[in-house]
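Letter by letter, the chains look like this.
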Amino acid sequence: MNKPAADGKLEPYDRSPMDEARSLAHRSKAPPAECAGAIAVTRDGSRFPGVAIALSSAAGLSVCAERVAMSSARSATSSPIEEIALWIPKSAGDHPCGICLQIWLELAPKARFLLQRGEGEIQELDLKQLLPDAFTSYDPSSQAETSARAQE
Ligand SMILES: [Zn+2]
């Protein structure tokens, strides 16, 4: 897993999940300023897409691209999510939102989360910094056990 170098920039990494996330953002059902794309990459190399779905008649039911991608990966495979690449337009609000941080914590706590805003630099987000003292009864060591049970 790549970590930021001393100068804060990421070490070389595979850009293709972020490029793929960006390329599918147009499939969002959202205002242009909120069209986002995400890719969840699992340990087995599979990639799961997500786009923003904003419901104009029921905003509370809207879902973020990264949440869709993580949920799709979890639904399709027991292989752990190792990376989440999220591309958002320059004009988008802050991401990930609180719900998506909680989903990240519970579905993929060890995953690297990369965020690119428009043409800006790709940032690696720190879950503990963004969600300190998280509400959880979740024990990450039980994830493999849960996945194993699902395959029985
Ligand atoms: Zn969200």
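Everything in this summary refers to the structure shown in the same document. Since we're looking at a predicted model, the values are computed, not measured.

Rules used in this analysis
Residues numbered from 1 in each chain as written. Predicted model: local features only at pLDDT ≥ 70, side-chain atom pairs only at ≥ 80, totals over all residues. Helix = DSSP H or I, 4+ residues; strand = E, 2+ residues; numbered from the N terminus. Buried ≥ 20, exposed ≤ 12 C-beta atoms within 10 Å, placed from the backbone. Contact = placed C-beta atoms within 7 Å. Pairing = 2+ DSSP bridges. Axes fitted to C-alpha atoms, helices over the stretch in contact; angles between N-to-C directions. Right-handed = clockwise from strand over helix to strand, strands pointing away. Arc of directions from axis to C-beta.

### Observations regarding the overall build of the protein chain
So, step 1. Scanning the protein chain from N- to C-terminus turns up five helices and five strands.
So, step 2. In the protein chain, which comprises 152 residues, the proportion classed as buried is 31%.
So, step 3. Once local pairs closer than 6 in sequence are excluded, the contacts in the protein chain between residues at least 24 apart make up 60%.

### Some points on the sheet that holds strand β5 (residues 123–125)
Across a sheet, paired strands are connected by hydrogen bonds in the backbone, their directions being either parallel or antiparallel.
So, step 1. One open sheet holds the five strands; their spatial order is β2-β1-β3-β4-β5, and the pairing between them is mixed. Each edge of the open sheet carries a strand with a single partner, namely β2 (47–51) and β5. Neighbour to neighbour, the strand axes of the sheet diverge by 20 degrees on average, direction disregarded.
So, step 2. Note that strand β3 (residues 81–88) and strand β4 (residues 112–117) share six bridges and pair parallel. Paired with I84 across the strands is F113, a residue of β4.
So, step 3. Across the face of the sheet, helix α1 (residues 16–24) comes into contact with β1 (37–42), β2, β3 and β4 while running at roughly 145 degrees to β1.
So, step 4. Where helix α2 (residues 65–76) meets the sheet, it contacts β1, β2 and β3, and its direction lies at approximately 145 degrees from that of β2.

### Thoughts on the pairing of β3
So, step 1. In terms of residue burial, β3 counts as a mostly covered element, since seven of its eight residues are buried.
So, step 2. Examined bridge by bridge, β1 and β3 share six bridges and lie antiparallel to one another. Note on β3: the bridge partner recorded for I39 is A85.
So, step 3. Each parallel crossover has a hand, and for β3 linked through helix α3 (residues 98–107) to β4 it is right-handed.

### Thoughts on the environment of R22
So, step 1. Residue placement: R22 occurs in helix α1.
So, step 2. Assessed through the 22 C-beta atoms surrounding it within 10 Å, R22 is described here as buried.
So, step 3. Each C-alpha atom, one on R22 and one on G37, is 5.5 Å from the other, the two residues being 15 residues apart in sequence.
So, step 4. Every residue in contact with R22, bar those within four places of it in the chain, is listed here: G37 and W87.

### Brief notes about α3
So, step 1. Among all positions in α3, only C100, I103 and W104 are buried. In an axial view of α3, the angular spread of the buried residues amounts to 100 degrees, which keeps them on one side of the axis. With respect to the buried face of α3, the exposed residues turned more than 90 degrees away are G98 and I99.
So, step 2. Looking at the packing, one finds that the buried side of α3 touches α2, β3, β4 and α4 (127–130).

### Describing the pairing of β4
So, step 1. In the sheet, β4 pairs with β5 via three bridges, with the strands oriented antiparallel. Looking at β5, one finds that L114 is bridged to E124.
So, step 2. Linkage of β4 to β5, two consecutive antiparallel strands, is achieved through a turn of five residues, within which G118 is found at a positive phi near 55 degrees.

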